[in-house]
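Reading the structure
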Amino acid sequence: MAKKKRQAKKAAAACVQCDVQPETKKVEQPHKKALVNRVRRIEGQVGGVLNMIEEDRYCVDILTQISAVKSALDGVAVKILSNHAQGCVRKAIMEDGGEDVIGELLGIIRKLIR
């Protein structure tokens, strides 16, 4: 029983950022600085791809860089998805069963795996 209470307390602490206001849908991302830094690095990679195209670089080299950008974006998406599942979704399940949030989560997973 004490273990369940600790887990619930831990889950509630993880959900502080998930205080979603229905009209705004804003959520403060945990580890925001790290996420911003990763996206800025990706932005630099995209600029590198642009330069490669402008410089008429070899197609395979350009495609390799595009693949790296896609992989980096997927990594950011997985991190945000993980934060969402461990925070917002967990909180909604604890509060009211979370049927709507689970449906939303499954929808975004479908989009990400296409």
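Residues numbered from 1 in each chain as written. Predicted model: local features only at pLDDT ≥ 70, side-chain atom pairs only at ≥ 80, totals over all residues. Heavy atoms only, no water.

Some points on unusual backbone geometry
For residues other than glycine, phi is negative in most cases, and the peptide bonds are mostly trans. Worth spelling out the cut-off: Strands here mean DSSP runs of E at least two residues long; helices mean DSSP runs of H or I at least four residues long; both are numbered from the N terminus.
Not every positive phi belongs to a glycine, and His-31 is a case in point at roughly 60°. Within the fold, His-31 resides in the loop between α1 (2-14) and α2 (32-54). The backbone phi angle of Asp-56 is positive, close to 55°, even though this residue is not glycine. The topology assignment puts Asp-56 in the loop between α2 and α3 (59-96).

Topic: the packing of α3 against helix α4 (residues 99-112)
Stated precisely, the cut-off is as follows: Note on geometry: axes are C-alpha line fits, over the in-contact stretch for helices, and angles between N-to-C directions span 0 to 180 degrees. In this scheme, roughly parallel covers angles under 35 degrees and roughly antiparallel covers those over 145, while 65 to 115 is roughly perpendicular and the rest are oblique. By the definition used in this description, the sense in which the near helix is turned from the far one sets the handedness, with an anticlockwise turn below a right angle giving left-handed and a clockwise turn giving right-handed. Should any heavy atoms of two residues lie within 4.5 Å, those residues are considered in contact.
At a minimum axis separation of 9 Å, α3 and α4 run at an interaxial angle of 165°. Judged by the angle between their axes, α3 and α4 are roughly antiparallel. Like other packed secondary-structure pairs, α3 and α4 cross with a definite hand, here left-handed. Two secondary-structure elements touch here, α3 through Ala-77, Leu-81, His-84, Val-89, Ala-92, Ile-93 and Asp-96 and α4 through Glu-99, Val-101, Ile-102, Glu-104, Leu-105, Ile-108, Ile-109 and Leu-112.

Let's talk about the side chain of Asn-83
Tracing the backbone through its elements, the reader meets Asn-83 in helix α3. Apart from the residues within four sequence positions on either side, Asn-83 is in contact with Gln-29, Pro-30, Leu-35 and Cys-88.

Observations concerning a nonpolar patch on the surface
Definition in use: Residues forming no salt bridge and having over 30% relative accessible area are the ones grouped into patches, like charges within 9 Å of each other and nonpolar side chains (Val, Leu, Ile, Met, Phe, Trp, Tyr) within 5 Å. The method behind every accessible area is Shrake-Rupley, applied with a 1.4 Å probe, and residues are considered shielded solely by the protein chains displayed. Think of a salt bridge as a Lys or Arg side-chain nitrogen and an Asp or Glu carboxyl oxygen that are within 4 Å of each other.
Together, Ile-93, Ile-102, Leu-106, Ile-108, Ile-109, Leu-112 and Ile-113 give the surface a local cluster of nonpolar side chains, amounting to about 570 Å² of exposed area. No other element matches α4, which puts 5 residues into the nonpolar patch. Locating Ile-113 in the fold gives a position in the segment after α4.

Some thoughts on the nonpolar core
The criterion, for reference: In this text, buried Ala, Val, Leu, Ile, Met, Phe, Trp, Tyr and Cys residues form a nonpolar core when linked through side-chain atoms within 4.5 Å. Only protein chains enter the accessibility calculation, which uses a 1.4 Å probe; a residue is then buried when its area is under 20% of its type maximum, exposed when over 50%, and partly exposed in between.
Counting 7 residues, the largest nonpolar core consists of Leu-35, Ile-42, Val-49, Met-52, Ile-62, Val-69 and Val-76. Sorting the residues of this core by element identifies α2 and α3 as the ones contributing at least two each. Counting residues per element, this core draws most heavily on α2, at 4 residues. Once you skip the residues sitting within four places of it in the chain, Met-52 turns out to touch Arg-57, Asp-61, Ile-62 and Gln-65.

Quick look at the packing of α2 against α3
The criterion, for reference: Any residue that is not Ala, Val, Leu, Ile, Met, Phe, Trp, Tyr, Cys, Pro, Asp, Glu, Lys or Arg is counted as polar, Gly included; the first ten are nonpolar and the last four charged.
At a minimum axis separation of 10 Å, α2 and α3 run at an interaxial angle of 165°. Between α2 and α3, the crossing angle belongs to the class labelled roughly antiparallel. As α2 packs across α3, the resulting crossing turns out to be left-handed. Among the residues making up the contact of α2 with α3, the classes are represented as 15 nonpolar, 4 polar and 3 charged.

Topic: the environment of Asp-100
Residue placement: Asp-100 occurs in helix α4. Separated by 11 residues in the primary sequence, Asp-100 and Val-89 have C-alpha atoms spaced 9.5 Å apart.

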